[in-house]
Amino acid sequence: MFAHLSSLLGGLLTTAWGGSLGCFIGPLVIWLVKKDTMPFVDDQAKEALNFNITVAIIFLVLFLMTIFTLGIGIIITGPLFVVVGIAWLVLTIIAAIKANEGVAYRYPLTLRLIK
């Protein structure tokens with residue numbers, strides 16, 4: 001549960017700088033510390049880390065689309081930023097609730113980069 005909530009906390013605390021790089025720090029630290037001793041925490045921390053990497057890639061692509069269209073693309077990318085941000089928030093909360101119940105949660109449409 002803390003891996004999911006730490007990404008939420010990190011994202012909310014670092015929103016003003018660095019494109020919310022804090023989303024990675026919490027799940028990464030929890031995964032590195034507990035991966036050998038707690039299999040469920042290992043699984044859920046990797047899941048949270050993979051999800052946050054996927055969302056960061058989506059945000060980067062949307063940002064680059066806005067830049068390459070000289071700002072005109074904000075008409076399309078602006079609402080997509082909002083939709084992806086709300087989806088990130090909702091899915092992170094759902095994952096934290098499921099992990100608290102002891103259920104292994106799988107984020108939809110997530111690149112499984114860390115195995």
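As shown above, the structure is provided for reference.
Model, not experiment: these values are computed from the prediction.

A. Molecular detail of the nonpolar core. Membership of the largest hydrophobic core is limited to 10 residues, which are Leu8, Cys23, Phe51, Val55, Val84, Trp88, Leu91, Ala95, Tyr105 and Tyr107. Those elements that place two or more of their residues in this core are helix 3 (39-68) and helix 4 (74-100). Top element by residues in this core is helix 4. It accounts for 4 residues. Excluding residues that lie within four positions of it along the chain, tyrosine 107 makes contacts with His4, Glu47, Ala48, Phe51, Leu91, Thr92, Ala95 and Arg112.

B. Local environment of the packing of helix 1 (residues 2-13) against helix 3. As a packed pair, helix 1 and helix 3 sit with axes 8 Å apart at the nearest point and diverge in direction by 30°. Accordingly, the angle class assigned to the pair helix 1 and helix 3 is roughly parallel. On helix 3, the residues that touch Ala3, His4 and Ser7 of helix 1 are Gln44, Ala45, Ala48 and Asn52. Partitioned by chemical class, the residues of the contact of helix 1 with helix 3 number 3 nonpolar, 4 polar and no charged.

C. Summary view of the side chain of serine 7. For serine 7, the position within the fold is in helix 1. Judged by relative accessible area, serine 7 falls into the buried class, the value being 1%. From its side chain, serine 7 meets the backbone oxygen of histidine 4 in a polar contact 2.6 Å long. A distance of 3.4 Å separates polar atoms of two side chains, one belonging to serine 7 and the other to asparagine 52. If we ignore the near neighbours within four places in the chain, the residues touching serine 7 are Cys23, Pro27, Asn52, Trp88 and Thr92.

Rules of the game
Residues numbered from 1 in each chain as written. Predicted model: local features only at pLDDT ≥ 70, side-chain atom pairs only at ≥ 80, totals over all residues. Heavy atoms only, no water. Core = buried A, V, L, I, M, F, W, Y, C linked by side-chain atoms within 4.5 Å. Buried < 20%, exposed > 50% of the residue type's maximum accessible area, 1.4 Å probe, protein only. Helix = DSSP H or I, 4+ residues; strand = E, 2+ residues; numbered from the N terminus. Contact = heavy atoms within 4.5 Å. Axes fitted to C-alpha atoms, helices over the stretch in contact; angles between N-to-C directions. Parallel < 35°, antiparallel > 145°, perpendicular 65-115°, else oblique. Nonpolar A, V, L, I, M, F, W, Y, C, P; charged D, E, K, R; others polar. Polar contact = N/O pair within 3.5 Å; in protein donor to acceptor, adjacent residues only side chain to side chain.

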